[in-house]
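# Observations on the model geometry
Now for the letters of each chain:
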Amino acid sequence: MEYFIICFAALLGSGLTLFSGFGLGTILVPVFALFFPIEIAIALTAIVHFLNNLFKLILVGRNADKSIVLRFGIPAVFSALLGAYLLTLLTDLKPLLQYSIGVRQLEIMPIKLVIAILIIAFVLFDYIPRFANLQFDKKYLVLGGVLSGFFGGISGNQGALRSAFLIKANLKKEVFIATGVVIACLIDVFRLTIYSKQIIKLDSNLDYTLLLSATISAFLGAYFGNKLTKKVTFKLIQHITTVMLLTIALLLGVGLI
């Protein structure tokens, strides 16, 4: 049963996140955590996420805007690491609220609530007439990369803020998707250097058959998602991204992730 649930989540998540630019990790971690200890779930997700991004890079990477990758992606990578480091210093910060759902104990952390509010603010830009047609000039790309990477590093959801910013950068749909994939690959490389020691320690506990199955499922999701890219409009991609952004914001805000 775990094979079916995890592979289906990887297939569906990869297909959807090709459009939105984020979300596979958010979907896979809780699914893996249903069957494995959380540290193993995080390690398995990190590996599938990285390999899937490499596959997507092969599929769509040629359409990436190199100037945006350099001006937005590089600052995002380093500021994400800085944010992740700062997170380790904020581990003693007390939650604003603690509550339980069934046997699960949940906490609303200040930093995650701030991230949720920021994501919602970006989303509202599309529904407030004054901001609906707002585009970010390329001179703000470095600042956007720094902010999205930094807050993403603190919250663990780099992709959400990155997509929220890039969706306003006046990119064609193929360029938006490909640029997000390249930046995600860069971040994954740096993240895996941090996770590598933990993954090596877990080596004997990793289910490599399940890992391979989930990775192949994610590949299939990305492949068919790429096929659909030619048939959808950028407006639909914006709607998909908006729904996923609001979902992430809600889950962050109430302490579920």
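Details of the structure are given in the entry above.
Read on for a plain summary of the structure. (Residues numbered from 1 in each chain as written. Predicted model: local features only at pLDDT ≥ 70, side-chain atom pairs only at ≥ 80, totals over all residues. Heavy atoms only, no water.)

### Regarding the overall build of the protein
Along the protein, the regular secondary structure elements total 11 helices and 2 strands. The linear arrangement of helices and strands in the protein, starting from the amino end, is α-α-α-α-β-β-α-α-α-α-α-α-α. Relative to its full complement of 257 residues, the protein shows a buried share of 47%. When the accessible surface of the protein is split by element, carbon and sulfur atoms take 70% of a total near 13,100 Å². (Helix = DSSP H or I, 4+ residues; strand = E, 2+ residues; numbered from the N terminus. Buried < 20%, exposed > 50% of the residue type's maximum accessible area, 1.4 Å probe, protein only. Areas by Shrake-Rupley, 256 points an atom, 1.4 Å probe, with all protein chains shown as cover.)

### What about helix H10 (residues 208–229)?
The end-to-end C-alpha separation of H10 is 31 Å, in line with the 32 Å expected for 22 residues at 1.5 Å each. Of the residues making up H10, those classed as buried are Leu-210, Leu-211, Ala-214, Thr-215, Ser-217, Ala-218, Gly-221, Ala-222, Gly-225, Asn-226 and Thr-229. (Expected span 1.5 Å × (residues − 1).)

### Focus on the packing of aromatic side chains
Tallying each qualifying case throughout the model produces 3 aromatic pairs. Ring geometry for Phe-55 versus Phe-219: centroids 4.5 Å apart, planes at 25°, classification stacked. Of this pair, Phe-55 sits in helix H3 (residues 38–60) while Phe-219 sits in helix H10, placing them 164 residues apart in sequence. Classification of Phe-219 by relative accessible area gives partly exposed; the value is 24%. (Phe/Tyr/Trp six-rings, centres within 6.5 Å; stacked < 30°, edge-to-face > 60°.)

### Quick look at the side chain of Ser-14
Within the secondary structure layout, Ser-14 lies in helix H1 (residues 2–20). The exposure class of Ser-14 is buried, given its relative accessible area of 0%. At a separation of 3.1 Å, a polar atom in the side chain of Ser-14 contacts the side chain of Asn-52. Residues within four places of Ser-14 in sequence aside, it is in contact with Leu-24, Asn-52, Ala-218, Gly-221 and Ala-222. (Polar contact = N/O pair within 3.5 Å; in protein donor to acceptor, adjacent residues only side chain to side chain. Contact = heavy atoms within 4.5 Å.)

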